[in-house]
Amino acid sequence: MEEEFNKLIKELKKCDICKNKFGFTPHPVVIGNTNSKIVQISQAPSRTVHESLKPFTDQSGKKLKYDWYQITDEEFYNPDNFYIAALSHCYPGKDKNGNDRMPPRICYEKWIKKELEYINNRIYILIGAKSAKVFFPNDNFNDLVFKDNCLNSKLTLVLPHPSPLNIKWFKDHPDFLNKRIYEVRTIIKEILE
Ligand code: SF4
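Note that the structure is a prediction, hence the values are computed from the model and not measured. Positions within a chain are numbered from 1, following the residues in the order the chain's sequence is written. The predicted origin of the model limits local features to residues at a pLDDT of at least 70 and limits the giving and counting of side-chain atom pairs to 80 or more, whereas totals for whole chains, interfaces and linings rest on all residues.

A. Main features of the overall build of the protein chain. When you go through the protein chain residue by residue, the secondary structure sums to 10 helices and five strands. For the radius of gyration, the atom set is restricted to C-alpha positions; the globular benchmark scales as 2.2 Å times the number of residues to the power 0.38. Against the compact-globule benchmark of 16 Å for 193 residues, the protein chain has a radius of gyration of 16 Å, which places it among compact chains. The buried share among the 193 residues of the protein chain stands at 32%. Placing C-beta atoms from the backbone, we regard two residues as in contact once those atoms come within 7 Å. Across the protein chain, every contact between residues at least 6 apart in sequence was considered, and the portion connecting residues at least 24 apart equals 71%. The secondary structure listing takes helices from DSSP runs of H or I that are at least 4 residues long and strands from runs of E that are at least 2 residues long, numbered from the N terminus. Any residue whose C-beta has 12 or fewer other C-beta atoms within 10 Å is treated as exposed, any with 20 or more as buried, and any in between as partly exposed, C-beta atoms being built from the backbone.

B. Highlighting unusual backbone geometry. The backbone of Gln70 sits at a positive phi, close to 55°, despite the residue not being glycine. Overall, Gln70 belongs to the exposed group, with 12 C-beta atoms counted inside 10 Å. For Ser153, which is not a glycine, the phi torsion comes out positive at approximately 65°. Its location among the elements puts Ser153 in the loop between β4 (149-151) and β5 (154-159). Judged by local crowding, Ser153 falls into the exposed class, with 6 C-beta atoms found within 10 Å.

C. Just helix α6 (residues 105-118), in detail. Multiplying 1.5 Å by the residue count of a helix minus one yields the expected span of that helix. Over its 14 residues, α6 runs 20 Å from end to end, which matches the ideal 20 Å to within 8%, given 1.5 Å per residue. Take the seven residues that end at a residue and the seven that start at it, fit an axis to each, and the angle between those axes is the bend at that residue. In α6, a bend of some 35° at Ile112 exceeds every other bend along the element. Burial in α6 covers these residues: Cys107, Tyr108, Trp111, Ile112 and Glu115. Residues of α6 that are buried in the fold lie against α1 (2-12), β2 (82-86) and α7 (129-135).

D. Representation of the site of the ligand in the model. Near the ligand you find 15 residues, and of these Cys15, Cys18, His89, Cys90 and Cys107 are the closest. Ranked by the residues each element gives to the shell around the ligand, the list is headed by α6, at four residues. Among the residues forming the shell around the ligand, the class breakdown is 11 nonpolar, two polar and two charged. Nearness rests on one distance test: the residue's C-beta atom, set from the backbone, must lie within 6 Å of the molecule or strand. Each residue receives one of three labels: charged for Asp, Glu, Lys and Arg, nonpolar for Ala, Val, Leu, Ile, Met, Phe, Trp, Tyr, Cys and Pro, and polar for the others, Gly being one of them.

E. Geometry of the sheet that holds strand β3 (residues 123-127). Ordered by their spatial adjacency, five strands build an open sheet running β2-β1-β3-β5-β4, and the pairing between neighbours is mixed. Bordering the open sheet on either side are β2 and β4, each of which pairs with just one other strand. Strand-to-strand twist in this sheet, taken as the mean axis angle between neighbours without regard to direction, amounts to 30°. Being paired, for any two strands, means DSSP has found at least two bridges between them. Of the pairings in the sheet, the one linking β3 to β5 comprises five bridges and is parallel in character. Residue pairing in the sheet places Ile123 in a bridge with Leu155 of β5. Note on method: axes are straight lines fitted to C-alpha atoms, helices fitted across the in-contact stretch only, with angles between N-to-C directions ranging 0 to 180 degrees. Across the sheet, helix α10 (residues 174-192) is in contact with β1 (38-42), β3 and β5; its angle to β5 comes to roughly 135°.

F. The pairing of β3, seen in detail. With four of its five residues buried, β3 lies for the most part within the structure. Strand direction decides the pairing type here: β1 and β3, joined by four bridges, are parallel. Following the sheet pairing, Gln40 is matched in β3 by Ile125.

G. Structural detail: the nonpolar core. Nonpolar cores are identified as sets of buried Ala, Val, Leu, Ile, Met, Phe, Trp, Tyr and Cys residues joined via C-beta atoms within 7 Å. In terms of nonpolar packing, the biggest core is built from 35 residues, with Ile41, Leu87, Ile125, Leu126 and Val158 touching the most fellow members. The leading source of residues in this core is β2, at five residues. Dropping the residues within four chain positions of it, Ile125 is found in contact with Ile38, Gln40, Leu157 and Leu159.

Now the structure itself:
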């Protein structure tokens, strides 16, 4: 089981099937093991992470780790704590209008679905509306953020994207920072203890 998982991750880290679509060599980013307590799935690495190859080393990451979760890098990057993946394991680049490209669906079908089969996690955290849509296609994103959800019989927390560009969502939903994030943080602290 462990051997199969390690083989899968080794293959994943060499994957470049989106190279032509992106127009550059993709850099797959993933951290974790089969015993990670929390599986966290976001949308896609940023350009900064494409360079650093370490997830959440950008402005979004600082907000997520230090403001929202209030944990250290040692806790966050400990593979026994977090399995850190995204719908697109690689930075997908920009479209012709300068917007971030959508995470390629093939990454979920080819890799993420298989990775999840091996991990004995306690909870899931989904970050961003695109990530939530894949796992809860029929649910309203805002409803998912403000309640405890269930995926594969496990508690699943849904978070808005911590990007500094996501200003309007936070303005429209003040209860997230005033209330919900405290509940999320409490759950994470309990799991990591
Ligand atoms: S985004 Fe996923 S499918 Fe595409 S090259 Fe990266 S690892 Fe492979």
